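Summary of the model geometry
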Amino acid sequence: MIKVVKFGGSSLADACQFKKVYDIIKSESERRYVVPSAPGKRFKDDIKVTDMLYDCYAKVSKGADFADAFKPIKERYNQIIADLKLDLSLEDEFSKIKTCFEARAGRDYAASRGEYLNGIVLANYLGFEFVDAADVIFFTENGSYDSQKTMDKLSKRLEGVEYAVIPGFYGSTPNDTIKTFSRGGSDITGSIVASAVSADMYENWTDVSGFLIADPRIIEDPRPITAITYKELRELSYMGAGVLHEDAIFPVRKAGIPINIRNTNAPEDAGTMIVESTSQKPEFTITGIAGKTGFAVVNIEKDLMNSELGFGRRVLEVFEKNGISFEHMPSGIDTMSVIVHLEEFAKKEQEIIAGLHRNVHPDSVEIESDLALIAVVGRGMKSNRGTAGRIFAALAHSHVNVKMIDQGSSELNIIIGVQEDDFKKATKAIYDIFVTHRL
C-alpha cells in the first residue's frame, strides 16, 4: 500500500509540530511520499513564512535593503533545526536565495522558498530523499499546469525511490523559472504526487479533524462529516467551504484515489474521507451547508420573453462583453434573474443596463444588492422527500425571506438566496432543522 501525505503550514510551524509529523509518518511504513507546506503561524499574531518572503521580496522590488526582513526567516529555520538537533546547515541555501532575490528572480520564486527550505529540513529529519518540485512539477510558458509532462517526469523520478519529500506549492516553466500554484497550492502538489505514484490513499494533514457540516464561526461546535463524495465537496468548496484547495480534487478524482483529511494535533481522529462514490449512508439528509455574501441580482422582466428565440443568449452576451461572469440564472415565463458578484458588477452596472435595453428591449430592469447565497448539499437529499419543504419551513419559522432558489437536476444541492443580514440566521435555521433536531 502506498500513501502520499501532505502537511499544512500549521502542522510544520515549529519543532514541536515537526515531531508530531515525524511520529505520524513513522507510525505507518505505507506513508512513503511527503509533501510539506512552508512553516505557518505558531500563535495567533505570528506571521507565516510565505508572507515574510513576500514582504522581503517587495522590499527587493523597490530597491530597498532587505537584510533586516530576511533575518527573521533565517532565524525561523535555524530555530527548528536547532530544536530538532539536526546536523544540517542552510547557510548555502540562504546565500543562494539572497543572490536570486537581488537578481529579481520573481515573486513566485520568493514565495516558493518557504516550501523548498522546509522540504530540505523535513527530508533530513525523516531520513528521506529530497526531490525538488522544480525538477518534477511543470508549467507551460503561459503559466498553465502541464499535466502530461509532470506525470511522465514525476512517475519516472519516483520510480524506485521508496521514501521521498517533495515540497508543495511550486514547479517550473520551460525556461526554468519558478512558478507557484495559487495560495494553498500544496494541496494540489500532494494530489499530483498521489496520482503519479498510483497511491492507494492521499492523506491531507491540517489543523482540523476533517470537514464540518457548517461553518464553526456561525454554528457552535458543528458536527463533522465522516464521508463526502467529490461532487458534494466540489459544491461546498465552490461556495466557500475551506480546508482543501478545490483544484486538489481533480488529479486524484481522475485516478480514483480517496482523500483523507486528518488532524496533525489529533491523529487518533478518523477525519473525513473524500471518495468518488460510497454505499455509506449519510448520518443526516444533508452533507453540508456553505455560503457566500457579496452578490447582486439583476431582474429582467419582459412579457412573452419565453417565446423570443435567443433571448437568454442575448442577455448573457451583454454580461460577456463587459467581462462579468454569472453565478446562477433562475427564470420564469416573463422574468429572468442573473446573479453576479457585486464587486465586479458595480463597476459596469450602467453599461450592462444600457446593453440589456439595446439587446433585448425589456419592460424593466431592476437590481438588488446585498444578496447572500447558501448551498445545501447532500447525496441523501435525492432519496428523502420533502427536503426543500423542510428548508423553507425552517427559514419561514426564523422569519427569513427567500429571495431566490435554484436546484440542479442531480438533486445534489439547493442554492438559496437571502439578504446578507439574514445569512447567519438562515444557515443556523437550516442546520437546526436537519442536524440539531435529529440528535
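First, a word on scope: everything that follows refers to the structure included in this document. The structure presented is a predicted model; accordingly, all values stated were derived computationally and were not measured.

Notes on the overall build of the protein
When helices and strands are tallied, the protein shows 14 helices and 16 strands. For a compact globule of 439 residues, the expected C-alpha radius of gyration is about 22 Å, and the protein comes in at 25 Å, within 12% of that figure. Seen along its three principal axes, the alpha-carbon backbone of the protein occupies a region of about 75 × 55 × 40 Å. Taking all 439 residues of the protein together, 51% fall into the buried category.

A word on the packing of helix α13 (residues 387-397) against helix α14 (residues 423-434)
Put simply, α13 and α14 touch, their axes get as near as 9 Å, and they point 125 degrees apart. Between α13 and α14, the interaxial angle falls into the category oblique. Seen from above, α13 lies across α14 with right-handed handedness. Touching T387, R390, I391, A394 and L395 of α13 are A426, A429, I430, I433 and F434, all from α14. Classifying every residue of the contact of α13 with α14 gives eight nonpolar, one polar and one charged.

Structural notes on unusual backbone geometry
For F169, which is not glycine, the phi dihedral falls at a positive 85 degrees. Mapped onto the fold, F169 is located in the loop between β4 (164-165) and β5 (170-172). Positive phi, close to 70 degrees, is recorded for D176, a residue that is not glycine. Among the structural elements, D176 can be located in the loop between β5 and β6 (178-180). Of the residues examined, D176 reaches a relative accessible area of 65% and is grouped as exposed.

Concerning the pattern of salt bridges
Overall, the coordinates contain 20 salt bridges when judged by the stated rule. One salt bridge connects K425 with D422, and the closest N-O pair in it is separated by 3.7 Å. Judged by its relative accessible area of 38%, K425 is partly exposed. A salt bridge links K428 to D432; the shortest N-O distance between them is 3.1 Å. Separated by four residues within a single helix, K428 and D432 lie in helix α14, roughly one turn from each other. Classification of D432 by relative accessible area gives buried; the value is 18%.

A few points about helix α3 (residues 67-83)
Compared with the 24 Å implied by 1.5 Å per residue over 17 residues, the 24 Å span of α3 between its first and last C-alpha is a close match. Burial in α3 covers these residues: A69, F70, I73, K74, R76, Y77, I80 and I81. In a view along the axis of α3, the buried residues occupy a sector of 150 degrees, so they form one face of it. Structurally, α3 contributes buried residues whose contacts are with α1 (15-26), α2 (49-61), α4 (91-102) and α5 (107-126). Remark: K85 follows α3 within two positions and exhibits a positive phi of approximately 55 degrees.

What about the pairing of strand β2 (residues 31-36)?
A large share of β2 lies buried, amounting to five of its six residues. In terms of strand pairing, β2 meets β4 through two bridges, oriented parallel. Its bridge partner being in β4, V34 is matched across the sheet by V165.

Points about the packing of aromatic side chains
Tallied over the entire structure, the rule returns 14 aromatic pairs. Ring centres of F18 and Y125 lie 6.5 Å apart, and the angle between their planes is 55 degrees; on these two criteria the pair is classed as tilted. Note that F18 is positioned in helix α1 and Y125 in helix α5, a separation of 107 residues in sequence. Taken as a pair, F18 and Y125 share a single burial class, namely buried. Between F101 and Y109, the aromatic rings sit 6.2 Å apart at their centres with planes inclined by 80 degrees, giving edge-to-face as the arrangement. The two residues F101 and Y109 agree in class, both being buried.

With respect to α5
In an α-helix there are 3.6 residues to a turn, and that puts residues three or four apart on one side. An ideal rise of 1.5 Å per residue puts 28 Å on 20 residues; α5 measures up with 30 Å between its terminal C-alpha atoms. At R113, α5 shows its maximal kink, close to 35 degrees. For α5, the tally of buried residues reaches 17 of 20 residues, placing the bulk of the element in the interior. The positive-phi residue at the C-terminal boundary of α5 is G127, with phi of around 80 degrees.

Remarks on the packing of α1 against α5
Axis separation between α1 and α5 bottoms out at 11 Å; the angle between their running directions is 55 degrees. Relative to α5, α1 is oriented oblique. Where α1 crosses over α5, the handedness of that crossing is right-handed. For the pair α1 and α5, the contacting residues are F18, K19, V21, Y22, I25 and K26 in the first and N118, V121, L122, Y125 and L126 in the second. Per-class residue counts for the contact of α1 with α5 are eight nonpolar, one polar and two charged.

Brief notes about the sheet that holds strand β15 (residues 402-407)
Strand order in the open sheet made by the six strands is β12-β13-β11-β14-β16-β15, with antiparallel pairing throughout. Looking along the sheet, the strands with just one partner apiece sit at the ends: β12 (326-328) and β15. Looking at each pair of strands side by side, their axes are set apart by 40 degrees on average, direction ignored. Running over the sheet, α13 touches β14 (364-377), β15 and β16 (413-419) and is turned about 20 degrees from β16.

Brief notes about the pairing of strand β13 (residues 335-341)
β13 sits mainly inside the fold: five of its seven residues count as buried. Two elements, strand β11 (residues 288-301) and β13, share seven bridges in a ladder whose sense is antiparallel. For V297, the partnering residue across the bridge sits in β13 and is I339. Judged from the two bridges that link them, β12 and β13 form a sheet pairing that is antiparallel. Pairing of H328 across the sheet is with I339, part of β13. Connecting the antiparallel pair β12 and β13 is a turn made up of six residues.

Quick notes on the rules
- Residues numbered from 1 in each chain as written.
- Predicted model: local features only at pLDDT ≥ 70, side-chain atom pairs only at ≥ 80, totals over all residues.
- Heavy atoms only, no water.
- Helix = DSSP H or I, 4+ residues; strand = E, 2+ residues; numbered from the N terminus.
- Rg over C-alpha atoms; globule rule 2.2 N^0.38 Å.
- Buried < 20%, exposed > 50% of the residue type's maximum accessible area, 1.4 Å probe, protein only.
- Axes fitted to C-alpha atoms, helices over the stretch in contact; angles between N-to-C directions.
- Parallel < 35°, antiparallel > 145°, perpendicular 65-115°, else oblique.
- Left-handed = near helix turned anticlockwise from the far one by under 90°.
- Contact = heavy atoms within 4.5 Å.
- Nonpolar A, V, L, I, M, F, W, Y, C, P; charged D, E, K, R; others polar.
- Salt bridge = Lys/Arg side-chain N within 4 Å of Asp/Glu carboxyl O.
- Expected span 1.5 Å × (residues − 1).
- Arc of directions from axis to C-beta.
- Pairing = 2+ DSSP bridges.
- Phe/Tyr/Trp six-rings, centres within 6.5 Å; stacked < 30°, edge-to-face > 60°.
- Bend = angle between axes of the 7 residues up to and from the residue.

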